[in-house]
Amino acid sequence: SAVISQKPSRDICQRGTSLTIQCQVDSQVTMMFWYRQQPGQSLTLIATANQGSEATYESGFVIDKFPISRPNLTFSTLTVSNLSPEDSSIYLCSAGTGGSWQFFGPGTRLTVL
Amino acid sequence: KNEVEQSPQNLTAQEGEFITINCSYSVGISALHWLQQHPGGGIVSLFMLSSGKKKHGRLIATINIQEKHSSLHITASHPRDSAVYICAVSPNFGNEKLTFGTGTRLTIIP
């Protein structure tokens with residue numbers, strides 16, 4: 001199993017600024033994922049964070065808007081850049097330990113004014 | 001048509017009732033997941049199954065691969081079961097990218 005923590009748990013940001021979300025796993029994991037959940041919607045995968053290489057982004061998400069770092073096997077960050085009210089969402093990270101099982105973090109609730 | 005569909009979207013029941021949430025999918029899968037999301041936003045993985053049935057406490061998950069259908073049952077429901085329940089599928093074994101259903105919002109009234 002894996003325990004995942006995220007920081008911050010919530011934030012309120014001004015339009016045009018950026019927010020960096022940290023995801024820490026208590027054990028080494030092969031794959032980490034970042035998701036967005038817009039109000040009233042289900043989860044949408046933003047990207048897969050690969051250790052030692054660039055993240056793999058899903059259709060509709062670009063690196064300039066959502067830069068991701070994965071410096072080691074237990075940590076990743078997601079930055080949401082140039083914030084607009086449409087970015088107000090819950091952002092979740094998850095970790096895969098192999099065999100399709102995933103563990104999810106507690107989420108970061110972002111409100112953009 | 002979404003690849004993963006859940007029903008009902010919303011469900012309100014009295015404490016103690018037997019609850020069933022359904023999930024249908026249209027793609028080939030290696031595994032199906034049931035997740036629970038509480039109002040704060042955090043998600044807990046309840047089950048991952050590729051065949052048959054699994055039970056954990058008052059929760060039971062079943063899957064019928066031929067019919068591409070899964071159900072999540074809650075026995076003796078309790079207000080603390082109130083949450084959004086999400087069905088998600090893994091397309092291939094070892095490919096951990098999940099496709100999610102839209103969720104079922106369950107409210108259990110004392």
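Please refer to the structure higher up on the page.
These lines cover the structure that appears in this document, whether it is placed above or below.

**A look at the overall build of chain A**
Right, on to step 1. Each helix and strand counted, chain A has zero helices and 11 strands in total.
Right, on to step 2. In sequence order, chain A lays out its α and β elements as β-β-β-β-β-β-β-β-β-β-β.
Right, on to step 3. The C-alpha atoms of chain A give a radius of gyration of 13 Å, which matches the 13 Å a tight globule of 113 residues would have.
Right, on to step 4. For chain A, the spread of C-alpha atoms along the three principal axes comes to 40 × 25 × 20 Å.
Right, on to step 5. Looking at the 113 residues of chain A, the share that counts as buried comes to 50%.
Right, on to step 6. Counted over contacts in chain A with a minimum sequence separation of 6, partners at least 24 positions apart contribute 54%.
Right, on to step 7. Only carbon and sulfur atoms are counted for the fraction: they give 50% of the accessible area of chain A, which is about 5,200 Å².
Right, on to step 8. Distance between charge centroids for chain A: 7 Å, based on 7 positive and 7 negative side chains.

**Considering the pairing of strand 9 (residues 83-90) of chain B**
Residue and element names in this part refer to chain B.
Right, on to step 1. For strand 9, a buried count of eight out of eight residues is recorded, marking the element as mostly surrounded by other parts of the structure.
Right, on to step 2. In strand 9, alternate side chains face the same way, and those of Ala83, Tyr85, Cys87 and Val89 on one face and Val84, Ile86, Ala88 and Ser90 on the other are all buried.
Right, on to step 3. Sheet analysis places strand 4 (residues 31-37) next to strand 9, joined by seven bridges and oriented antiparallel. Bridged to Trp34 within strand 9 is Cys87.
Right, on to step 4. Here strand 9 runs beside strand 11 (residues 104-109); their pairing, made up of three bridges, is antiparallel. Looking across to strand 11, one finds that Tyr85 is bridged to Thr104.
Right, on to step 5. Sheet topology note: the strand 9/strand 10 (residues 99-100) ladder contains two bridges and is antiparallel. Paired with Val89 across the strands is Thr99, a residue of strand 10.

**As for the interface of chain B and chain A**
Right, on to step 1. Counting residues at the interface gives 26 residues for chain B, matched by 22 residues for chain A.
Right, on to step 2. Interface of chain B and chain A: buried area, both sides summed, is about 1,700 Å²; carbon and sulfur atoms make up 56% of it.
Right, on to step 3. Only strand 4, strand 5 (43-49) and strand 9 of chain B provide two or more residues apiece to the side of chain B that touches chain A.
Right, on to step 4. The element contributing the most residues to the side of chain B that touches chain A is strand 5 of chain B, with five residues.
Right, on to step 5. Partitioned by chemical class, the residues of the side of chain B that touches chain A number 11 nonpolar, 13 polar and two charged.

**A closer look at the sheet that holds strand 3 (residues 19-25) of chain A**
All names here are of chain A.
Right, on to step 1. As summarised here, the arrangement of the four strands in space is 1-3-8-7, forming an open sheet in which the pairing is antiparallel. Either end of the sheet is taken by a strand with one partner, and the two such strands are strand 1 (4-7) and strand 7 (68-72). For this sheet the average axis-to-axis angle between neighbouring strands, irrespective of direction, equals 15 degrees.
Right, on to step 2. Bridging between strand 1 and strand 3 involves four bridges; their strand directions are antiparallel. Bridge assignment links Gln6 to a residue of strand 3, and that residue is Cys23.

Reading the values: rules and limits
- Residues numbered from 1 in each chain as written.
- Chains lettered and ligands numbered in written order.
- Predicted model: local features only at pLDDT ≥ 70, side-chain atom pairs only at ≥ 80, totals over all residues.
- Heavy atoms only, no water.
- Helix = DSSP H or I, 4+ residues; strand = E, 2+ residues; numbered from the N terminus.
- Rg over C-alpha atoms; globule rule 2.2 N^0.38 Å.
- Buried < 20%, exposed > 50% of the residue type's maximum accessible area, 1.4 Å probe, protein only.
- Contact = heavy atoms within 4.5 Å.
- Areas by Shrake-Rupley, 256 points an atom, 1.4 Å probe, with all protein chains shown as cover.
- Lys, Arg positive; Asp, Glu negative; His and termini not counted.
- Charge placed at Lys NZ, Arg CZ, Asp CG, Glu CD.
- Pairing = 2+ DSSP bridges.
- Buried area = accessible area lost by both parts, 1.4 Å probe.
- Nonpolar A, V, L, I, M, F, W, Y, C, P; charged D, E, K, R; others polar.
- Axes fitted to C-alpha atoms, helices over the stretch in contact; angles between N-to-C directions.

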